[in-house]
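# A structural walkthrough
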Amino acid sequence: MSELHKFLFDGLPVRGAIVRLTDAWQEILQRRAVNTSTGPYPLPVQEMLGEMTAAGVLMQSNIKFNGALVFQISGDGPVKLAVTEVLTNLSVRSTVTMVGDLPADATLTDLVNVHGKGRCAITLDPKDRQPGQQPYQGVVPLVDVDGQPLQSMAAILQQYMRQSEQLDTVLVLAANDKVAAGLIVQRMPIKGEANLAAGAQNTEEVDQIGLNEEYNRIAHLAASLTRDELLSLDVETILHRLFWEEKLLRFVPEDGEGGPHFACTCSRERVGNMLRSLGQEESDSILEEQGMIEVGCEFCGQQYRFDAVDVAHLFTERGNDPPASNLVQ
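Structure report, in brief.

What counts as what
- Residues numbered from 1 in each chain as written.
- Predicted model: local features only at pLDDT ≥ 70, side-chain atom pairs only at ≥ 80, totals over all residues.
- Heavy atoms only, no water.
- Helix = DSSP H or I, 4+ residues; strand = E, 2+ residues; numbered from the N terminus.
- Contact = heavy atoms within 4.5 Å.
- Pairing = 2+ DSSP bridges.
- Phe/Tyr/Trp six-rings, centres within 6.5 Å; stacked < 30°, edge-to-face > 60°.
- Buried < 20%, exposed > 50% of the residue type's maximum accessible area, 1.4 Å probe, protein only.
- Polar contact = N/O pair within 3.5 Å; in protein donor to acceptor, adjacent residues only side chain to side chain.
- Patch = residues over 30% accessible without salt bridge, like charges linked within 9 Å, V, L, I, M, F, W, Y side chains within 5 Å.
- Areas by Shrake-Rupley, 256 points an atom, 1.4 Å probe, with all protein chains shown as cover.
- Salt bridge = Lys/Arg side-chain N within 4 Å of Asp/Glu carboxyl O.
- Lys, Arg positive; Asp, Glu negative; His and termini not counted.
- Charge placed at Lys NZ, Arg CZ, Asp CG, Glu CD.
- Core = buried A, V, L, I, M, F, W, Y, C linked by side-chain atoms within 4.5 Å.
- Axes fitted to C-alpha atoms, helices over the stretch in contact; angles between N-to-C directions.
- Parallel < 35°, antiparallel > 145°, perpendicular 65-115°, else oblique.
- Left-handed = near helix turned anticlockwise from the far one by under 90°.
- Nonpolar A, V, L, I, M, F, W, Y, C, P; charged D, E, K, R; others polar.

## As for the side chain of Ser283
Inspection of the secondary structure puts Ser283 in helix 9 (residues 280–290). Once residues lying within four places of it in the same chain are set aside, the contact partners of Ser283 are Leu275, Leu278, Ile293, Val311 and Phe315.

Take a look at the structure:
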């Protein structure tokens, strides 16, 4: 079961979260794997998208925002676009558009940043937009301040947080075919009222990027977590291993229906409505030519198939339906 655990460091302007996506991540992979047009994601793409998916959930969980967080990597390599969308209720879906074959040992740079033109974009799209309101978007290149390619998804997002959000952030991300997981630790601004460091000396220095010693100490502990540990250890073990000397304030874990879960807006009903809009003549023409109407969701890869009986049902008035198809859809 997928789960999200959020926590604070008592008395310090530091927060964190751990996400473990199991069933949600496996559903994303399975839909793509059974798609007869695309087949499964290559392993390097699978790892990249899993890290993006875990990171998207972590970022959405840390903001007070009613809408969709869309995390995109656009590349100048074989991966042209990778997208993760996470809604306020922690429903998540992810996809990759790619061209050509990939070597089994392809790095992140090989996938999306071959000529240094790759970009990371994070968009916040409000659910109920006001008139004239536009989604917020931040964009950063996939290179560091010296123009060198960033070598990991965690490094890309840490740079994004520093440049676009002015937040010290450390991330550890990992994914395989069973689990997509992530740990995030962030420094919260200590200036202002009702913050966790209200009793501390609020100076300009300690509220600047990279200068808060308490955050730097905790970030160093968080960064010691290895990929294998993140994938194999349970959340309680990870937190004890990293922060056993710290006093953590834990939130109620978010799992099950209230936690991270897969959801896509595609459905058989929506595809049926699309076929109705095409009209019976056009639908029958496709059936005659192909024997079956097959429509795949461009986002999640789910395929919907309609045979002659299914199509006849779509265009038959209620109450005069022909026998339903016995095919498993």
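Moving on from the model shown.
## So, the sheet that holds strand 12 (residues 261–262)
Pairing in this open sheet of six strands is mixed, and the strands run 7-6-3-4-5-12 from one edge to the other. One side of each edge strand has no neighbouring strand; the edge strands of this open sheet are strand 7 (136–141) and strand 12. Examined bridge by bridge, strand 3 (residues 67–74) and strand 4 (residues 79–86) share six bridges and lie antiparallel to one another. Bridge pairing links Val70 to Glu85 in strand 4.

## Considerations on the packing of aromatic side chains
For the structure on display, the rule yields three aromatic pairs. With a centroid separation of 5.8 Å and 75° between ring planes, the pair formed by Phe7 and Phe9 is classed as edge-to-face. Grouping residues by exposure puts Phe7 and Phe9 together as buried. Both rings, one in Phe9 and one in Phe243, keep their centres 5.1 Å apart while their planes meet at 90°; by these two values the pair is edge-to-face.

## A short note on unusual backbone geometry
What is expected of a backbone is that most residues other than glycine have negative phi and most peptide bonds are trans. Positive phi values are uncommon outside glycine, yet Leu90 reaches one of about 70°. Mapped onto the secondary structure, Leu90 falls in the loop between strand 4 and strand 5 (91–98). Despite not being glycine, Gln166 has its phi angle at roughly 55°, a positive value. Within the secondary structure, Gln166 is located in the loop between helix 4 (153–164) and strand 8 (169–175).

## A few points about the environment of Asp76
Structurally, Asp76 can be placed in the loop between strand 3 and strand 4. Given a relative accessible area of 18%, Asp76 falls into the buried group. Within polar-contact distance, the side chain of Asp76 engages the backbone nitrogen of Val114 at 2.8 Å. Here the side chain of Asp76 touches His115 through a polar contact of 3.1 Å, landing on its backbone nitrogen.

## Focus on a negative patch on the surface
A surface patch of like charges, here negative, comprises Glu281, Glu282, Asp284, Glu288 and Glu289. Structurally, Glu289 can be placed in helix 9. A relative accessible area of 66% means that Glu289 is categorised as exposed.

## Comments concerning the pattern of salt bridges
For the coordinates displayed, the defined rule picks out eleven salt bridges. Across the pair Glu246 and Arg217 runs a salt bridge, and its minimum N-O distance is 2.3 Å. A residue pair is termed long-range when its members are at least 10 positions apart, and Glu246 in the loop between helix 7 (235–243) and strand 10 (248–250) and Arg217 in helix 5 (residues 213–223) qualify at 29 residues. With a shortest N-O distance of 3.0 Å, Glu236 and Arg250 are connected by a salt bridge. Highlighted residues: Glu236 in helix 7 and Arg250 in strand 10, separated in sequence by 14 residues.

## Re the nonpolar core
Residues Met48, Phe71, Ile73, Cys120, Met153 and Leu157 are the most contacted members of the largest nonpolar core, which totals 68 residues. Sorting elements by how many residues they give to this core places helix 2 (residues 43–61) first, with nine residues. Each residue touching Met153, except ones within four places of it in the same chain, is listed here: Met48, Glu51, Met52, Phe71, Ile73, Leu108 and Leu173. The next biggest cluster of nonpolar side chains, apart from the first, holds 24 residues, and it includes Phe9, Leu12, Val170 and Leu183.

## Topic: the packing of helix 1 (residues 23–33) against helix 2
Where helix 1 contacts helix 2, the axes come no closer than 11 Å and their chain directions differ by 140°. As summarised for this structure, helix 1 and helix 2 are arranged oblique, according to the angle between their axes. Between helix 1 and helix 2 lies a crossing whose hand is right-handed. Where helix 1 abuts helix 2, its residues Trp25, Ile28 and Leu29 lie against Gln46, Leu49, Gly50 and Thr53. Along the lines of polarity and charge, the residues of the contact of helix 1 with helix 2 split into four nonpolar, three polar and no charged.

## Here we look at the pairing of strand 9 (residues 180–187)
In terms of burial, strand 9 is a largely internal element, eight of the eight residues being buried. Covered by surrounding structure in strand 9 are Ala180, Gly182, Ile184 and Gln186 together with Ala181, Leu183, Val185 and Arg187, the residues of both alternating faces. Where strand 2 (residues 14–21) and strand 9 come together, eight bridges link them in antiparallel fashion. The residue bridging Ile18 from the neighbouring strand is Leu183, located in strand 9. Summarising the sheet, strand 8 and strand 9 pair through seven bridges and their orientation is antiparallel. Bridging across to strand 9, Ala174 finds its partner in Ala181.

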